[in-house]
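Observations on the three-dimensional arrangement
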Amino acid sequence: MGDFNLALVVVAVVVCVLVLLFNVYLLVNYQHPDDKNQAYFPKLVVVLGLSIAVISILMLPADVANRQACRHSIYNGSCNLTLPMKTLWLVVYITDAVFVFFFVPFAMFYYEGDQDKSVGKRLLSALLWVGVSVVACGLALGILYGTVGKVDFSVRHLSSAAATFPTSWTEFSRNQPCIATSARQCAAYLATASSESTWTMRASLPEYVVALATIVGSVLFTIFGGVGIACLPLGLIFSFIRRPKAVITRSQYIKEATELGKKAKELKKATEALRHDEKNGSKGRKWRKNVKAVEKELLLLEDDMKALEEIYPQGERAETAWAMTVLGYVGKLVLGVVGLIVSLAWVAHIVIYLLIDPPLSPFLNEVFIKLDDLWGLLGTVAFAFFCFYLLMAVVAGAMMLGMRLVFITIHPMKWGATLMNSFLFNVGLILLSSISVIQFCATAFASYAQATAAQEIFGHNLQSLRGIKYLYKYNIFPYAFVALAAITFLYYLIFGWRKKKPTARFQLSS
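Residues numbered from 1 in each chain as written. Predicted model: local features only at pLDDT ≥ 70, side-chain atom pairs only at ≥ 80, totals over all residues. Heavy atoms only, no water.

Heads up, the rule is: UniProt positions are given in the numbering used here, feature names are shortened, and annotations may be inferred rather than shown by experiment.
Per an unreviewed UniProt entry, the protein carries the name LIMR family protein and comes from Platanthera guangdongensis. Per UniProt, the comment on the protein under Subcellular location (unreviewed entry) is "Membrane".

1. Details of the overall build of the protein
Here is the rule we go by: Each helix is a run of DSSP H or I of at least 4 residues and each strand a run of E of at least 2, with the numbering of both proceeding from the N terminus. Whether two residues are in contact is decided by their heavy atoms, any of which lying within 4.5 Å being enough. Computed with a 1.4 Å probe, the accessible areas rest on the Shrake-Rupley method; for each residue, only the protein chains presented here act as cover.
Of regular secondary structure, the protein possesses 14 helices and two strands. Of the contacts formed within the protein by residues at least 6 apart in sequence, a portion of 81% connects residues at least 24 apart. When the accessible surface of the protein is totalled, it reaches about 29000 Å², and 66% of it is carbon and sulfur.

2. A few points about a nonpolar patch on the surface
The criterion, for reference: Nonpolar side chains (Val, Leu, Ile, Met, Phe, Trp, Tyr) are joined into patches within 5 Å and like charges within 9 Å, using only residues with over 30% relative accessible area and no salt bridge. Salt-bridge detection follows one rule: a side-chain nitrogen of Lys or Arg within 4 Å of a carboxyl oxygen of Asp or Glu.
A surface patch of nonpolar side chains, amounting to about 590 Å² of accessible area, comprises Val 9, Val 10, Val 13, Val 14, Val 17, Leu 18 and Leu 21. Mapped onto the secondary structure, Val 14 falls in helix 1 (residues 2-30).

3. Some words on the packing of aromatic side chains
What characterises a pair of aromatic rings is the spacing of the ring centres plus the angle enclosed by the ring planes. Worth spelling out the cut-off: Aromatic pairing here means that ring centres of Phe, Tyr or Trp (its six-membered ring) are within 6.5 Å. Orientation follows from the plane angle: under 30 degrees is stacked, over 60 is edge-to-face, and everything else is tilted.
Summed over all chains, the structure comprises 25 aromatic pairs. With 5.1 Å between their ring centres and 45° between their planes, Phe 99 and Phe 103 make a pair best called tilted. Of this pair, Phe 99 and Phe 103 are both found in helix 3 (residues 85-111), four residues apart, which corresponds to roughly one turn of the helix. Look at Tyr 491 and Phe 495: their rings are 5.3 Å apart centre to centre, the planes differ by 45°, and that puts the pair in the tilted class.

4. Points about unusual backbone geometry
The criterion, for reference: For every residue, the accessible area (1.4 Å probe, protein chains only) is compared with the maximum for its type, and the residue is labelled buried under 20%, exposed over 50%, or partly exposed between those bounds.
A cis amide bond links Asp 357 with the next residue in sequence, Pro 358, at an omega value of 0°. Take Pro 358: it is sitting in the loop between helix 8 (318-355) and helix 9 (364-374). Even without being glycine, Phe 363 reaches a positive phi, approximately 50°. Along the polypeptide, Phe 363 turns up in the loop between helix 8 and helix 9. Take Phe 363: its relative accessible area is 29%, and that puts it in the partly exposed class. One non-glycine residue, Asn 475, lies in the positive phi region at around 55°. Secondary-structure assignment places Asn 475 in the loop between helix 13 (469-473) and helix 14 (476-496).

Okay, here's the thing in structure tokens:
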């Protein structure tokens, strides 16, 4: 048992180092050329924020493995070498909350500040904005914790009468487990409903901070995750269906390129008009709406340019480029089919295990347990994959809604063309959603993750917090998640196969 715990510590340290190196690799390859050799503080926030999010997701499988290290102990407390998972959970999630509500906003305000101002003024402006946000969040937290920061546990007083100790045990069986022969149930189970009462205690401040962050994250997770669990695989599949079937002629290429050139000139003119309004101080609601519209049109223009390059490859290796394009779409189809299977498994598991009471089947819980029996870490790896898939669905859902709803800002992640503010936005979204993903996974896989520290924090305490518990008692978030997933599935089945129509001439709203 000691060796297993030592191996768990070694694996945890190695994984943390690998996660840090992988996130540095992502930053280097995804960053925009304009951000090279500058914006070092935002880059540090991005790397550390992504690392915290990934490590927090991996902590749940580690918690399960940590519990399995003590499976031969009569109770968890007798296992002295168990990792202090509850303390680690609170440390990671308090750090997560600090990054979400302080470091990420500060880095975004600083990065997006007026470049004409000095570094000191930009720092001061970012500190003022973040300071106001911190004070507001601190006041809200203090008021809520002081008034409703309590945990209400429902308890039942059980009692039974004394009986003579039996001289033999032959009379006991599965149908007669109790000493008394007059009842087929033990006396303690015959307690009336009036014996139930509520035990109230003050929640610890760290746990309450995690609980509130989980509620905020759950709203985003339900909306973006519910949409993303459908659009992530279906977007890949329908991308294959709408793929170009053959290359175009040179005359067709010139015609399409000319239209894109006209669109680019229109967007340039609109951008100059917005810049002129910004210098004149006209940064009202209409200006912000126009900025988002221009950003959306620029993204669509970039996609159109990329599509045009795909269907008319140029250069000496044009045939090779077209072959790689075809293979790329085939890869999207394969990933889309695999993702669709995972998405359907997730939705089916939520319905079977969470929404139906009592659950029809343990479903994925049983799958993970059997995989662990097959090979020690196989179930843990599969468990971690399903948790990560939810996080990817959140980012995919945010991208889809951002392209279709004006009031949601678009922050795309593109290889070699991602600005730092888009990095920071997605890091904040991932950090905030990761808390909810862990809570959701700890609830959805309660049979597999039983007796873990995560289940104690996100199960018993969170679901008993005064005021908050009703959101979990009536499964508000799972119902909304499944509903949004179903709506998105229907949307793709009706409109997903259609090819995008050419956009009309772009004009700023007046």
